[in-house]
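# Residue-level structure breakdown
As a plain string of letters, each chain reads:
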Amino acid sequence: MTRRVRRKVAKKGKDDAVSLSYLEIEVEDLGLERNGDVDWTSLPDDTVIQLFSCLNYRDRASLSSTCKTWRVLGASQCLWSSLDLRAHKFDTSTATSLASRCVYLQKLRFRGAESADAIIHLQAKNLREISGDYCRKITDATLSVIVARHEALESLQLGPDFCERITGDAIKAIALCCPKLKKLRLSGIKDVYADAINALAKHCPTLVDIGFLDCLNVDEAALENVSSVRFLSVAGTSNMKWDVVSHLWHKLPKLIGLDVSRTDIGSATISRLLSSSLSLKVLCALNCPVLEEETSISTTKTNGRLLLALFSDIFRELSSLFAETSNKGRNMFLDWRCSKNKDKNLNEIMTWLEWILSHTLLRTAESNPQGLDNFWLKQGAALLLSLMQSSQEDVQERAATGLATFVVIDDENASIDRGRAEAVMRDGGIRLLLNLAKSWHEGLQSEAAKALANLSVNANVAKAVAEEGGINILAALARSMNRLVAEEAAGGLWNLSVGEEHKAAIAEAGGVKALVDLIFKWSSGGDGVLERAAGALANLAADDKCSMEVAIVGGVHALVMLARNCKFEGVQEQAARALANLASHGDSNSNNAAVGQEAGALEALVQLTRSPHEGVR
């Protein structure tokens, strides 16, 4: 196999954590004359704080330990108001070590059940926002303890993977412990029963944004009691009683935005909600098969309210929210972000729309339903590219993941849709993705690299990525100490290395050494990154000059180590292919002898010929 595409970072439900990390950036020599040593202690305090802001949490702590002044500056409130721990192994000991710096922490993002258990040890009693993913193993008990220790909580989001072990009991605990709650978004709850919703209505008077996404059951009648709600999403939720919805939800006095995407709602309920609600402005019903199949939908009256569906012109509909619509169109989101609009209600609607659109488009791309080619080419790709420029980091990430996902037809055979890939390229998507890949945020780096890797299966897109400087960017990301970032970057180099015209450029960018270093760095516990690194080296080894570079930087030893020790078939296959290519140049170089002389190489290859996996043999 010479290419690899990926729909997701990891399988749902798998707690995926890697060690504390920092992207190693090569600093260019700016040509400044140095007449002596730099006195770092003479830097202004604000310059030092700016320097700290460019580092991850581990490196901030290390730098803070160098002197008393920097220890004080490193603990500045502005540096520790927000933490994104998704890429780190976050356990009780790590939380305890960070606790002294988290007195003023207000926003936290985490990944997995172990991280959830450790949150209380941060002692961040002033937390306002908590967002977690890979939450399948999080229990009612863990969530109840978290909310009990953070009574100032205003926003709680868990998803998009399913929270299988969380029940309505935990929702009641949230309501009782967090009276200041404004936003609650939970995914995959089996039963959001009436008592839980009524507890929210009773104890959370400022709750304005509710999302019960991909749930099995939600009590429709009880939701009418949450009179404070302004934005409500039940996207992907099954077993909804739409006759109850049509008779009750239009009575919600403050409801502005309603999202029923990916459900079996019909036109009758849509019509009643649009005609009867006094406050509703936007109803999002994307990818609702029943609605789209009903012939009466073309005559549905919206009464000046927005109905966003696959059959509507979404950009035009959204442009109607603005007083001036002449210069909107596909730049509508960008125009809104750049404007000095003081309309608080409009800004709230647009911010919410960015979030729910990114969520629904990603979920739709993952399920890859038939018959959406026209939508993706005409609107979907452009929407994802617009959302990639959001000021909301989680929206940017989901949009990039959506781009990586919607182009894939068959991930096993590395097949992508040519039309969709080139639509992304035509709309400037390559430059946008490369800009995200250069971000300091590792989540954005990872998702942007994944999208670039998948899109580069198309030769025309691969050429555009190379021309835009993508090879240098991916080679730099491959040096990241964050395994997820390095893995996706290695996948991008793998796909780019298929093209003969890109092999030399990858070597010149230091990509060969970066790939070999990855094998040593993640020799255990990193099957994905090892397969991608070995696959890229296999492609590069087919080129005579690149094969010499592979050997010079220790690639023969690294690949033999994989062939001997790794039990993952994908890694074995790519390592064997790389060794075969290294040894195939005959008299043009000495790599065939180098492979034969490497200790254990021949024994390992003979052993692999007995593998039950055809590709390995």
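Residues numbered from 1 in each chain as written. Predicted model: local features only at pLDDT ≥ 70, side-chain atom pairs only at ≥ 80, totals over all residues. Heavy atoms only, no water.

Moving on: the pairing of strand β2 (residues 107–111). Taking burial as the measure, the 5 residues of β2 include 4 buried ones, the bulk of the element. Where strand β1 (residues 82–84) meets β2, 3 bridges bridge the pair, whose relative direction is parallel. Each residue of the ladder has a partner; that of L83, found in β2, is L108. Each parallel crossover has a hand, and for β1 linked through helix α4 (residues 92–98) to β2 it is right-handed. The parallel pair β2 and strand β3 (residues 129–133) is bridged by helix α5 (residues 113–118), and the resulting crossover is right-handed. (Buried < 20%, exposed > 50% of the residue type's maximum accessible area, 1.4 Å probe, protein only. Helix = DSSP H or I, 4+ residues; strand = E, 2+ residues; numbered from the N terminus. Pairing = 2+ DSSP bridges. Right-handed = clockwise from strand over helix to strand, strands pointing away.)

On strand β4 (residues 155–158), burial covers both faces: S155 and Q157 on one face and L156 and L158 on the other are all buried. Inspection of the sheet shows β3 paired to β4 by 4 bridges, in the parallel sense. Its bridge partner being in β4, S131 is matched across the sheet by Q157. Tracing the backbone out of β3, into helix α6 (residues 140–149) and back to the parallel element β4 gives a crossover that is right-handed. Across 4 bridges, the pairing between β4 and strand β5 (residues 183–187) is parallel. Paired with S155 across the bridge in β5 is K183. Chirality of the crossover, the property in question, places the unit of β4, helix α7 (residues 168–177) and β5 among those that are right-handed.

Looking now at the confidence of the model for the protein chain. Per-residue pLDDT for the protein chain averages 85, and the proportion of residues at 70 or more is 88%. Strand β9 (residues 231–233) holds the highest mean pLDDT among the elements of the protein chain, 98, whereas helix α30 (residues 591–597) holds the lowest, 59. Note on residues 9–34: pLDDT is under 50 here. Beyond four places in sequence and across chains, it has 63 contacts. (pLDDT = per-residue confidence, 0-100. Contact = heavy atoms within 4.5 Å.)

Turning to the packing of aromatic side chains, a few remarks are in order. Tallied over the full model, the rule gives 4 aromatic pairs. When the ring centre of W355 is taken as reference, the NZ or CZ atom of R185 above it lies at 4.0 Å. Of note, R398 hangs over the ring of W355, and the distance from its end group to the ring centre comes to 4.6 Å. (Phe/Tyr/Trp six-rings, centres within 6.5 Å; stacked < 30°, edge-to-face > 60°. Lys NZ or Arg CZ within 6 Å of the ring centre and 35° of its normal.)

Glancing now at the environment of C566. Within the element layout of this structure, C566 appears in the loop between α28 (555–565) and α29 (569–582). C-alpha separation for the pair C566 and L530, spaced 36 residues apart in sequence, amounts to 9.2 Å. When near neighbours in sequence (up to four residues on either side) are disregarded, C566 contacts D527, M561, V571 and Q572.

Turning next to helix α20 (residues 442–455). Spanning 14 residues, α20 covers 20 Å between terminal C-alpha atoms, matching the ideal 20 Å at 1.5 Å per step. With 14 of 14 residues buried, α20 is to be regarded as a mostly interior element. (Expected span 1.5 Å × (residues − 1).)

Turning our attention to the environment of L346. For L346, the position within the fold is in helix α15 (residues 344–367). Residue class for L346 comes out buried when judged on its relative accessible area of 8%. When the C-alpha positions of L346 and F322 are compared, they lie 8.3 Å apart, and in sequence the two are 24 residues distant.

With that out of the way, let us pick up the packing of helix α16 (residues 373–387) against helix α17 (residues 393–406). Contact geometry for α16 and α17: axes closest at 7 Å, N-to-C directions at 145°. The handedness of the crossing between α16 and α17 comes out as left-handed. In this structure, α16 uses W376, A381, L384, L385 and L387 to contact α17, whose residues at the interface are V395, Q396, A399, G402, L403 and F406. (Axes fitted to C-alpha atoms, helices over the stretch in contact; angles between N-to-C directions. Left-handed = near helix turned anticlockwise from the far one by under 90°.)

This paragraph deals with the pattern of salt bridges. Counted by the stated rule, this structure contains 23 salt bridges. A salt bridge links D394 to R398; the shortest N-O distance between them is 4.0 Å. Here R398 and D394 lie together in helix α17, a separation of 4 residues that amounts to about one turn. Here R483 and E487 are joined by a salt bridge, their closest N and O atoms 2.9 Å apart. Of this pair, R483 and E487 both sit in helix α23 (residues 483–496), 4 residues apart, roughly one helical turn. For R483, a relative accessible area of 10% puts it in the buried group. Three or more residues joined by partner-sharing salt bridges are found here, namely D84, R86, R109, E393 and E397. (Salt bridge = Lys/Arg side-chain N within 4 Å of Asp/Glu carboxyl O.)

Quick look at helix α22 (residues 470–477) now. Counting buried positions along α22 yields 6 of 8 residues, so the element is predominantly enclosed. In this structure, the buried residues of α22 make contact with α19 (429–437), α20, α21 (459–467), α23, α24 (500–508) and α25 (511–521).

The strand order β1-β2-β3-β4-β5-β7-β9-β10-β11-β12 describes an open sheet built from 10 strands, whose pairing is parallel. With partners counted over all chains shown, the strands left at the sheet margins are β1 and β12 (306–308), one partner each. Averaged over all neighbouring strand pairs, the angle between strand axes comes to 5°, with direction disregarded. Against the sheet, α15 contacts β4, β5, β7 (209–213), β9, β10 (257–259), β11 (282–284) and β12, and its axis sits at roughly 5° relative to β10.

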